Amino acid sequence: MQTIFIIAILGLGFLITFQIAKASEYVAVLRGLERARKQTNRINGFMLLAFLILGLIGVYYCNVRLSGKILGAPASDHGVLIDRMLYITLAITFIVFIITQVALFWFAYKYQESDTRKPYYYPHNNKLEVIWTVIPAIVLTVLVGFGIFYWFKITGNAPKNAMVVEVTGKQFGWEFRYPGFDGILGKKYFKNINDAANNPIGQLWDDEANHDDIYTTSELHLVVNKPVKLVIGSKDVIHDVGLAHFRMKMDAVPGTPTTMWFTPTITTKQMKEKTGNPDFVYEISCDQMCGKGHYSMRGTIVVETQEEFDAWIVGKKPQYLVANPDKDPSIKKDTATTKIPVAVSSAQLKTRN
Ligand SMILES: [Cu+2]
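### Here we look at the overall build of the protein chain
Move 1: Secondary structure assignment for the protein chain yields eight helices and 10 strands.
Move 2: For a compact globule of 353 residues, the expected C-alpha radius of gyration is about 20 Å, and the protein chain comes in at 31 Å, more than 25% above that figure.
Move 3: Overall, the protein chain is about 110 × 50 × 40 Å in size when its C-alpha atoms are taken along their principal axes.
Move 4: Counting the 353 residues in the protein chain, one finds 31% classified as buried.
Move 5: Within the protein chain, contacts between residues at least 6 apart in sequence are counted, and of these 68% link residues at least 24 apart.
Move 6: When the accessible surface of the protein chain is summed, it comes to about 22600 Å², and 66% of that surface belongs to carbon and sulfur atoms.
Move 7: Each charge class in the protein chain was averaged separately, 38 positive and 31 negative side chains, and the resulting centres sit 10 Å apart.

### Some remarks on the coordination of the copper ion
Move 1: Coordination sphere of the copper ion, protein contribution only: His239 (ND1), Cys286 (SG), Cys290 (SG) and Met297 (SD), at 2.1 to 2.5 Å.
Move 2: Each of the four donor atoms around the copper ion contributes to a set of angles spanning 91 to 125°, which defines the coordination as tetrahedral.
Move 3: Along the chain, the residues donating to the copper ion fall in the pattern H-x46-C-x3-C-x6-M. One end of the pair, Cys286, is in strand S9 (residues 282-286); the other, Met297, is in the loop between S9 and strand S10 (299-304), and 11 residues separate them in sequence.

### Thoughts on the pairing of strand S7 (residues 248-252)
Move 1: Across five bridges, the pairing between strand S6 (residues 239-243) and S7 is antiparallel. Note on S7: the bridge partner recorded for Val241 is Met250.
Move 2: Counted along the chain from S6 to the antiparallel partner S7, the turn is four residues long, and its residue Arg247 has a positive phi close to 60°.

### Brief notes about helix H4 (residues 126-155)
Move 1: With 30 residues, H4 should cover 44 Å at 1.5 Å per step; its first-to-last C-alpha distance of 42 Å lies within 8% of that length.
Move 2: Every buried residue of H4 is listed here: Leu143, Tyr150 and Ile154.
Move 3: The elements touched by buried residues of H4 are helix H3 (77-110), S7 and strand S8 (258-262).
Move 4: Where H4 begins, the capping side chain belongs to Asn125, and its oxygen is found 2.9 Å from the backbone nitrogen of Lys127.

### Brief notes about unusual backbone geometry
Move 1: In this structure, the amide linkage connecting Gln171 to the following residue, Phe172, adopts the cis form with an omega of 5°.
Move 2: Along the chain, Phe172 turns up in the loop between strand S1 (163-170) and strand S2 (173-178).
Move 3: With a phi close to 60°, Asn225 is a non-glycine residue in the positive phi region.
Move 4: If you trace the backbone, Asn225 turns up in the loop between strand S4 (219-223) and strand S5 (228-234).
Move 5: Residues other than glycine seldom take positive phi values, yet Arg247 does so here, at roughly 60°.
Move 6: Along the polypeptide, Arg247 turns up in the loop between S6 and S7.
Move 7: For Arg247, a relative accessible area of 18% gives the class buried.

### Regarding the sheet that holds S4
Move 1: What the five strands build is an open sheet, ordered S4-S10-S9-S6-S7; its pairing is mixed. Across the chains shown, the open sheet's two edge strands, defined by having one partner strand only, are S4 and S7. When strand polarity is set aside, the average angle formed by the axes of neighbouring strands in this sheet is 25°.
Move 2: Strand direction decides the pairing type here: S6 and S9, joined by two bridges, are antiparallel. Its bridge partner being in S9, Val241 is matched across the sheet by Cys286.
Move 3: Of the strands in this sheet, S4 and S10 touch helix H6 (residues 306-313), which is tilted by about 140° from S4.

### Focus on the packing of aromatic side chains
Move 1: Considering all chains together, one arrives at 15 aromatic pairs under this definition.
Move 2: Both rings, one in Tyr178 and one in Trp312, keep their centres 5.5 Å apart while their planes meet at 65°; by these two values the pair is edge-to-face. Of the two residues, Tyr178 sits in strand S2 while Trp312 sits in helix H6, which places them 134 residues apart along the sequence. Judged on exposure class, the residue Tyr178 and its partner Trp312 are both buried.
Move 3: A ring pair is formed by Phe246 and Phe262, whose centres lie 5.1 Å apart and whose planes are at 40°; its orientation type is tilted. Here Phe246 is found in the loop between S6 and S7, whereas its partner Phe262 is found in strand S8, with 16 residues between them in sequence.
Move 4: For Phe246, a relative accessible area of 0% translates into the label buried.

The rules behind each value
Residues numbered from 1 in each chain as written. Predicted model: local features only at pLDDT ≥ 70, side-chain atom pairs only at ≥ 80, totals over all residues. Heavy atoms only, no water. Helix = DSSP H or I, 4+ residues; strand = E, 2+ residues; numbered from the N terminus. Rg over C-alpha atoms; globule rule 2.2 N^0.38 Å. Buried < 20%, exposed > 50% of the residue type's maximum accessible area, 1.4 Å probe, protein only. Contact = heavy atoms within 4.5 Å. Areas by Shrake-Rupley, 256 points an atom, 1.4 Å probe, with all protein chains shown as cover. Lys, Arg positive; Asp, Glu negative; His and termini not counted. Charge placed at Lys NZ, Arg CZ, Asp CG, Glu CD. Donors = N, O, S within 2.8 Å, 3.2 Å for Na, K, Ca; no water. Tetrahedral: all angles 85-135°; square planar, octahedral: opposite > 155°, others 65-115°. Pairing = 2+ DSSP bridges. Expected span 1.5 Å × (residues − 1). Polar contact = N/O pair within 3.5 Å; in protein donor to acceptor, adjacent residues only side chain to side chain. Axes fitted to C-alpha atoms, helices over the stretch in contact; angles between N-to-C directions. Phe/Tyr/Trp six-rings, centres within 6.5 Å; stacked < 30°, edge-to-face > 60°.

Here it is, written out as structure tokens:
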């Protein structure tokens, strides 16, 4: 139905333009070319003014109509900074937009060709040139400066108490790895990737730091008010970790780890109450066109309290034990002498924090 309407409006618009052109042709013949030109000039002036008014109404309408569609309050400390920067940029560009557009269309209407007026020849003014070059240059420098400052803050060193999570993108999904009790992500090598052998990200089992690393694909769990550093990578093409609610994003590049850190400030539970949406979930999306399944790279993030996080991770078995069941003390009883770490316990996590 909508398509038919759009086609009908376009058709009507074409018909009107065609008729106006035809009519002005007849007018030209009847009244002479000079008069017709003046009339066209007046019509153009009026249409430019109408365009300005309708355009501004359209801008206002879009803002009112779409205002409820934005993501709402940012859910991270960096998100607050990013939003502030965005709103300052929007406010400045909005003021400039209104001034320049009103001036452009109003002047075109007001100072259209007239028999009673002589054009004023005003070719150059150095002072004006300097003013409208220097002011935007200063404003842009300040805005870019803020951007660089925030960029270094976000991509710089994470606080010492930050938890580390490795995020790996693949066609088409996300894989997460927690460093376990030792706080160190074990080494990995892409040639070791072997799904059949329960080694989906190519961990090197010789590296003891790998023995307590916890691998998961379902959900990324984060602790509220605790900084988290993401170590981001990819197994195939370039993906992008997009965390819209936290206002963060970073490319996932194969072979080159990228990092970013932030502090989630609102739990999933609080967000459900805030938004009045009982089904609310934080999302991790892929923000880089990465293939035909790109749209399906949606992961979920659970932001919870430390206690809830501990209760979740304590039930996870390190991938080392999943891949090497013979080393699993819960399966094989006679391994009392070997030092095999088991899943991180809640008490261990507390001592680490
Ligand atoms: Cu992707």
